[in-house]
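# Inside the fold
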Amino acid sequence: MSELTPARRRELRAGAHHLNPVVSIAGNGLTPAVLGEIDRSLQAHELIKIKVHGAERAAREALMKAVCEALDASPVQHIGTILVIWRQRREEAEKSVQAKPVTSSASTGVARAKSARAFAAAARRTALIKAASDKKRLAAKRSRTYTRKTGPAGGK
């Protein structure tokens, strides 16, 4: 669990303001499945909100501490039933710590998950390609000439 400077904590609180909770902790508490989901959410988003149902303030503080220690994350804020935590993406943390070249996933046999940034870039490319093909199809459709049958001026 790393400590954040007050300025960084303030930036993260501001960044978390518009976020919705991505994980809920309810009656079963902090199970391995919930920890796994929090870990995946932190990997995808870095900054997340967690909603805690049916726990008193002391229990929520203990949950926040347990989550942060288990996942090497930093607590940002605890307001009411909402916990805000932050952790730098693991692949970015590894790059900043080590300048060692990464072997390809095919040679190691380990599949690597796409980062959220790579996923968003691929989605944008796909949307642009689709929009371009739709535009071409619409232009081709408009270029065809349609002959309209003209009837009497009165319409009867």
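Residues numbered from 1 in each chain as written. Predicted model: local features only at pLDDT ≥ 70, side-chain atom pairs only at ≥ 80, totals over all residues. Heavy atoms only, no water.

### Re the overall build of the protein chain
Across its full length, the protein chain holds 6 helices and 4 strands. Its helices and strands taken in sequence order, the protein chain reads α-β-α-β-α-β-β-α-α-α from the N to the C terminus. A buried classification covers 22% of the 156 residues belonging to the protein chain. Sequence separation of at least 24 residues holds for 65% of the intrachain contacts in the protein chain that already meet a minimum separation of 6. (Helix = DSSP H or I, 4+ residues; strand = E, 2+ residues; numbered from the N terminus. Buried < 20%, exposed > 50% of the residue type's maximum accessible area, 1.4 Å probe, protein only. Contact = heavy atoms within 4.5 Å.)

### Section: the sheet that holds strand β4 (residues 82-86)
Ordered by their spatial adjacency, 4 strands build an open sheet running β1-β2-β4-β3, and the pairing between neighbours is mixed. Among the strands making up the open sheet, the edge pair consists of β1 (23-25) and β3 (74-79). The average angle at which neighbouring strand axes cross in this sheet is 25°, direction not considered. As paired strands, strand β2 (residues 47-52) and β4 are joined by 5 bridges and run antiparallel to one another. (Pairing = 2+ DSSP bridges. Axes fitted to C-alpha atoms, helices over the stretch in contact; angles between N-to-C directions.)

### Observations regarding the confidence of the model for the protein chain
Scored by pLDDT, the protein chain has a mean of 81; 77% of the residues are at 70 or more. Confidence, read as mean pLDDT per element, is least for helix α5 (residues 105-108) in the protein chain (42) and greatest for β4 (96). (pLDDT = per-residue confidence, 0-100.)

### A look at the pairing of β2
For β2, the buried fraction is high: 5 of the 6 residues fall into the buried class. As paired elements, β1 and β2 share 3 bridges and run parallel to each other. Looking across to β2, one finds that S24 is bridged to K51. For the crossover from β1 across helix α2 (residues 32-45) to β2, the handedness is right-handed. (Right-handed = clockwise from strand over helix to strand, strands pointing away.)

### Some remarks on unusual backbone geometry
The backbone of E46 shows a phi angle near 70°, a positive value even though the residue is not glycine. Its location among the elements puts E46 in the loop between α2 and β2. According to the relative accessible area criterion, E46 is buried, its value standing at 16%. Phi is positive for D72, which is not a glycine, with a value near 55°. Within the secondary structure, D72 is located in the loop between α3 (57-71) and β3. Under the relative-accessibility criterion, D72 is labelled partly exposed at 48%.

### Structural notes on the pattern of salt bridges
Summed over the entire model, instances satisfying the criterion amount to 8 salt bridges. With a shortest N-O distance of 3.3 Å, R8 and E11 are connected by a salt bridge. With R8 and E11 both in helix α1 (residues 6-16) and 3 residues apart, the pair spans about one turn of that helix. For R8, a relative accessible area of 31% gives the class partly exposed. In this structure E11 comes out as partly exposed when scored by relative accessible area, which is 48%. Two residues, E61 and R57, come together in a salt bridge whose shortest N-O distance is 3.3 Å. Taken together, the positions of E61 and R57, both in helix α3 and 4 residues apart, correspond to about one turn of that helix. By relative accessible area, E61 is classed as partly exposed at 39%. One network of salt bridges, in which partners are shared, links D39, R87 and R90. (Salt bridge = Lys/Arg side-chain N within 4 Å of Asp/Glu carboxyl O.)

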